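Observations on the model geometry
The residues making up each chain are set out below.
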Amino acid sequence: MFAVLPNVLSTTSARAAPETLSLAEAVGRLPAGGESHDGYSRDSFRHWNTGDAPADGCNTRAEVLITEPPPRLLSGPAAA
């Protein structure tokens, strides 16, 4: 898989021709920043936490796990 990235990291005003990179190279060039929760408030997302039927006590995460359970991890003799 390849990506074409414009030269967005350049500080000059002239635009360079797009460069074709592998996906790994393109991801490696992305600038990393620190995590920030500024402006986030969990109370702003109360509607996500009630699920389909608020009376059943399941929040949205529980509803998704019931509908789309992750594959079961096996260990011991059963895994062979």
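All values derive from a computational prediction rather than experimental measurement.

Another point: the overall build of the protein chain. Looking only at helices and strands, one finds 2 helices and 2 strands in the protein chain. Here the protein chain holds 80 residues, and the buried ones make up 6% of them. For the protein chain, contacts bridging at least 24 residues in sequence account for 0% of all contacts bridging at least 6. When the accessible surface of the protein chain is split by element, carbon and sulfur atoms take 58% of a total near 7,400 Å².

Turning next to a nonpolar patch on the surface. A contiguous nonpolar surface patch, about 270 Å² in accessible area, is contributed by Leu23, Val27 and Leu30. With respect to the helices and strands, the residue Leu23 is situated in helix α1 (residues 23-29).

For the coordinates displayed, the defined rule picks out 1 salt bridge. Between Arg29 and Glu19 there is a salt bridge, and its shortest N-O distance comes to 3.0 Å. One end of the pair, Arg29, is in helix α1; the other, Glu19, is in strand β2 (residues 19-22), with 10 residues separating them in the sequence. Glu19 sits in the partly exposed class, given a relative accessible area of 36%.

A low pLDDT score tells you not to read the predicted coordinates there in detail. The share of residues in the protein chain with pLDDT of 70 or more is 66%, and the mean pLDDT across the chain is 75. Least confident of the elements in the protein chain is strand β1 (residues 2-5), whose mean pLDDT is 54; most confident is α1, at 93.

Thresholds, definitions, all that
Residues numbered from 1 in each chain as written. Predicted model: local features only at pLDDT ≥ 70, side-chain atom pairs only at ≥ 80, totals over all residues. Heavy atoms only, no water. Helix = DSSP H or I, 4+ residues; strand = E, 2+ residues; numbered from the N terminus. Buried < 20%, exposed > 50% of the residue type's maximum accessible area, 1.4 Å probe, protein only. Contact = heavy atoms within 4.5 Å. Areas by Shrake-Rupley, 256 points an atom, 1.4 Å probe, with all protein chains shown as cover. Patch = residues over 30% accessible without salt bridge, like charges linked within 9 Å, V, L, I, M, F, W, Y side chains within 5 Å. Salt bridge = Lys/Arg side-chain N within 4 Å of Asp/Glu carboxyl O. pLDDT = per-residue confidence, 0-100.

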